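A look at the structure
Take a look at the letters that make up each chain.
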Amino acid sequence: MKLEELLIKPQTLSLLTTYQCTAACRNCCFKCNPHIKKRLSLKQMENYVDECMIHYGDSLKVLVLTGGECFLLGNDLNLIIDYASRIGLSVRVVTNGYWAKSPEIAKEKLLELSKCGLKEVNFSTGDDHQEWVSYDNIVYGSIAALNLGLTCVINVESHDKSKFKSNLFYEDERLKKYLVDDVDLPEIVEYIDAKNYMKENCVFQFILVEDNNERGHIEGLIGYMTNARYIESEH
């Protein structure tokens, strides 16, 4: 048996598009902040996609655009989403939601990106993120994504002294119909039903590390390799 036959071929390509971010979270695994300007050019992103498709075109399914804050790429974000979509990749963006300042602005921006081929939006929030980006931004962005038919995931940072709890999403009246009203899941009629369903049908792993910086590096690495998704705090 050849060595190549033993390798697990990748299904997801993640591009850390920029180190610049509108936030400077203390536990950021890449130490991103507003002052770092380093980023990939559109041509570099296209070249990475092309190279990976040459070697793994039979297995690659998803392109993840992250950072830093990938929405700071401006029109290049639209262009790389369009480029990847045209060659058959499903595109996901990871964002802190700084741009979703109102329901109208959030819808307008995601409609623009969905027309380019965007399929999924991952929002990051929690104590550190909310020093820079309001919780309401996440709600506005999530509702806009869901109304446009995009897959929406909310990642909540968690540690021993976390003040923000993911339960707030289940208690937010603005999100109720998206968590509960699902014609394909008639058994879900209350918040607790939705929460239990997610817990029983999602796989997640707690990472117990006291140092937030070390924890950030570990979570970033594992999240990159496994597409890990957290659905509630670990307490």
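Here the residue numbers are simple positions, counted from 1 along each chain's written sequence. This being a predicted model, a pLDDT of at least 70 is required before a residue's local features are given, and a value of 80 or more before pairs of side-chain atoms are given or counted; all residues contribute to the totals for chains, interfaces and linings. Only hydrogens and water are removed before side-chain values are computed, so all heavy atoms of the structure are retained for them.

To continue, consider the pairing of strand E3 (residues 90-95). The buried label applies to any residue whose accessible area, calculated with a 1.4 Å probe on protein chains only, is under 20% of its type's maximum; exposed applies above 50%, and partly exposed to all values in between. Runs of H or I in DSSP of at least four residues are treated as helices and runs of E of at least two as strands, each being numbered from the N terminus. With 5 of its 6 residues buried, E3 lies for the most part within the structure. One ladder, built from 4 bridges, connects strand E2 (residues 62-66) with E3; its direction is parallel. Bridging across to E3, valine 64 finds its partner in arginine 92. Running through helix H3 (residues 75-86), the crossover from E2 to the neighbouring parallel element E3 is right-handed. One bridge is not enough; two strands pair if DSSP finds at least two bridges between them. Bridge count between E3 and strand E4 (residues 118-125): 5 bridges; the pairing is parallel. Residue pairing in the sheet places arginine 92 in a bridge with glutamate 120 of E4. Crossover handedness is defined here as right-handed if the route from the first strand over the helix to the second strand goes clockwise, with the strands pointing away from the viewer. As for the winding sense of the linkage, the β-α-β connection from E3 through helix H4 (residues 103-116) to E4 is right-handed.

What follows concerns H3. What a helix is expected to span follows from its residue count: subtract one and scale by 1.5 Å. Along its 12 residues, H3 runs 17 Å from first to last C-alpha, staying within 8% of the 16 Å computed at 1.5 Å per residue. Taken together, the buried positions of H3 are Leu77, Asn78, Ile80, Ile81 and Ala84. Two residues form a contact once any of their heavy atoms are found within 4.5 Å. Buried-residue contacts for H3 involve helix H2 (42-56), E2, E3, H4 and E4. Directly beyond the C-terminal end of H3, a positive phi value near 100 degrees is found at glycine 88.

With that settled, the discussion passes to the pairing of strand E5 (residues 151-156). Bridge analysis of E4 against E5 gives 6 bridges, and the strand direction is parallel. Each bridged residue has a counterpart across the sheet, and for threonine 125 the counterpart in E5 is valine 156. Where the polypeptide runs from E4 across helix H5 (residues 135-147) and back to E5, its parallel neighbour, the crossover connection is right-handed.

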